[in-house]
Amino acid sequence: MMRLCRTREEMRLAVKGWRAEGAFIGLVPTMGALHDGHMEIVRRARAGCERVVVSVFVNPTQFGPGEDFAVYPRDPDRDLAMLNAAGVDGVFLPEVAEIHRPGAETVVEVPRLSRMLMGRLRPGHFRGVATVVAKLFNIVRPDRAYFGEKDYQQLAVIRRMVEDLDFGIEIAGVPTIREPDGLAMSSRNARLAPEDRAAAPVIHRALAEAARHARAGWTVARLRAWVRDSIASNPRADVRAVDIRDAATLAPIRGAPSAPAVVLVAVRFGDVLLIDQQVIDPPDPESP
Ligand code: PAF
């Protein structure tokens with residue numbers, strides 16, 4: 001039976017019981033409004049761990065002023081039904097006041113990885129993410145935690161934090177799940193106007209094409225301009241960022257990539273900011 005825990009105490013008690021059984025515990029942190037992308041992550045966790053906890057918490061400290069915290073989709077009853085059907089052992093569904101308590105002042109900062117790329121568009125976002133994920137890790141104390149690769153920079157920030165602060169938790173990245181037309185699944189897709197939803201697959205088409213150009217030896221400058229122009233050719237798309245970085249370190253690259261690189265994009269449709277990513281392989285030196 002799925003345990004619903006609304007307080008830290010309830011969550012700790014549930015995990016304590018599972019630990020006493022010797023279970024290997026997986027955590028899937030989410031902000032709810034679950035879709036197939038989340039459920040694929042839950043399935044991975046279910047297959048790889050003896051006990052699976054999913055947290056559902058829309059974390060206010062990772063939203064900037066004027067961002068979509070107030071209108072972020074929320075549907076806890078539906079989330080709980082989906083998680084129950086997926087055979088999850090525990091759900092952590094706290095109120096904001098349970099997590100962010102008066103007098104708190106400690107934050108987790110991963111400075112280099114947090115200030116670049118999406119961090120420039122959303123100052124303070126990754127501080128909020130790292131801090132709440134550290135808190136979730138301390139409450140649940142999982143053996144392994146799962147995150148989607150769609151949020152590529154977030155995954156890099158969390159891996160760094162876990163390594164630097166010796167959390168001793170394995171971090172598993174799960175490949176992006178896409179709609180049949182290529183749009184990366186995201187809770188924010190539900191907020192797209194129908195015309196924007198129809199236009200949004202332009203992002204993935206551009207990224208997939210860029211991967212082909214990279215294999216043909218294009219430089220990152222050329223690839224970046226091409227991706228930007230190709231997405232911007234759709235009048236509904238407001239391209240906010242296109243970056244190509246080393247896939248392992250997120251360091252900038254010059255010339256043509258000689259190791260796997262990642263294209264990271266942020267595009268606004270109306271008032272909805274979508275992000276996506278594509279890892280690109282360098283040209284194969286063996287091929288003619
Ligand atoms: O990716 C998300 O849904 C959130 O950033 C996370 C990791 C649950 C932290 O609030």
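Residues numbered from 1 in each chain as written. Predicted model: local features only at pLDDT ≥ 70, side-chain atom pairs only at ≥ 80, totals over all residues. Heavy atoms only, no water.

Visitor: Tell me about the overall build of the protein chain, residues and numbers included.
Guide: Helix and strand counts for the protein chain come out as 11 helices and 9 strands. Since a compact globule built from 288 residues should have a radius of gyration of about 19 Å, the 19 Å found for the protein chain is in line with a globular shape. Across its three principal axes, the protein chain shows a C-alpha extent of roughly 60 × 45 × 40 Å. Residue burial in the protein chain is summarised as follows: out of 288 residues, 52% are buried. Summarising the internal contacts of the protein chain: among those between residues at least 6 apart in sequence, 71% fall at separations of at least 24. Averaged over its 39 positive side-chain charges, the protein chain has a centre that lies 3 Å from the centre of its 37 negative ones. (Helix = DSSP H or I, 4+ residues; strand = E, 2+ residues; numbered from the N terminus. Rg over C-alpha atoms; globule rule 2.2 N^0.38 Å. Buried < 20%, exposed > 50% of the residue type's maximum accessible area, 1.4 Å probe, protein only. Contact = heavy atoms within 4.5 Å. Lys, Arg positive; Asp, Glu negative; His and termini not counted. Charge placed at Lys NZ, Arg CZ, Asp CG, Glu CD.)

Visitor: Residues and numbers for the packing of aromatic side chains, please.
Guide: Following the criterion strictly, the structure yields 5 aromatic pairs and no others. Seen from their ring centres, F137 and F167 are 5.6 Å apart, and the 75° between their planes marks the pair as edge-to-face. Of the two residues, F137 sits in helix α7 (residues 125-140) while F167 sits in the loop between α8 (152-164) and β6 (170-174), which places them 30 residues apart along the sequence. The two residues F137 and F167 agree in class, both being buried. When the centroid spacing of 6.4 Å and the interplanar angle of 80° are considered together, the rings of W218 and W226 count as edge-to-face. Residue class for W226 comes out partly exposed when judged on its relative accessible area of 26%. Among the aromatic residues, those joined into a cluster by ring pairs are F63, F69 and Y72. Note that R122 overlies the ring of F63, its terminal NZ or CZ placed 5.9 Å from the centroid. Lying over the aromatic face of W218, R222 brings its terminal NZ or CZ to 3.7 Å of the ring centre. (Phe/Tyr/Trp six-rings, centres within 6.5 Å; stacked < 30°, edge-to-face > 60°. Lys NZ or Arg CZ within 6 Å of the ring centre and 35° of its normal.)

Visitor: Which residues make up the pattern of salt bridges, and what values do they have?
Guide: As enumerated under the stated definition, the model contains 21 salt bridges in all. In this structure, R43 and E40 form a salt bridge, with 3.2 Å as the shortest nitrogen-oxygen distance. Remark: E40 and R43 occur in helix α2 (residues 36-48); sequence separation between them is 3 residues, near one turn of the helix. For R43, a relative accessible area of 46% corresponds to the partly exposed category. Ionic contacts of the salt-bridge type, sharing partners, join the residues E21, R46, R51 and D89 into one network. (Salt bridge = Lys/Arg side-chain N within 4 Å of Asp/Glu carboxyl O.)

Visitor: Could you give an account of the packing of α7 against α8, with specific residues and numbers?
Guide: Two elements in contact, α7 and α8, have axes separated by 10 Å at closest approach and are oriented at 55°. The orientation of α7 with respect to α8, classified from their angle, is oblique. Of the two possible hands of crossing, α7 and α8 adopt the one that is right-handed. Two secondary-structure elements touch here, α7 through F126, V129, A130, V133, A134 and F137 and α8 through Q153, Q154, V157, I158, M161 and V162. Here the contact of α7 with α8 is composed, by residue class, of 10 nonpolar, 2 polar and no charged. (Axes fitted to C-alpha atoms, helices over the stretch in contact; angles between N-to-C directions. Parallel < 35°, antiparallel > 145°, perpendicular 65-115°, else oblique. Left-handed = near helix turned anticlockwise from the far one by under 90°. Nonpolar A, V, L, I, M, F, W, Y, C, P; charged D, E, K, R; others polar.)

Visitor: Residues and numbers for the state of the cysteines, please.
Guide: Inspection of the entire model under this criterion finds 0 disulfides. Take C5: it sits in no disulfide, and the sulfur closest to it among the cysteines is that of C49, at 17 Å. The class of C5 is buried, set by a relative accessible area of 2%. (Disulfide = S-S within 2.5 Å.)

Visitor: Which residues make up empty space enclosed by the protein, and what values do they have?
Guide: For the structure on display, the rule yields 1 cavity of 30 Å³ or more. Roughly 60 Å³ of internal volume is contained in the largest cavity. Surrounding the largest cavity, K150, L183, A184, S186, N189, I203, L274, I275 and D276 form its lining. Here the lining of the largest cavity takes 3 residues from strand β9 (residues 272-280), the largest share from any one element. (1 Å grid on protein atoms, 1.4 Å probe; cavity = no way out; pocket = protein on both sides within 12 Å on 5 of 7 lines; lining within 4 Å. Points joined across faces, edges and corners; volume = space filled by probe spheres on them.)

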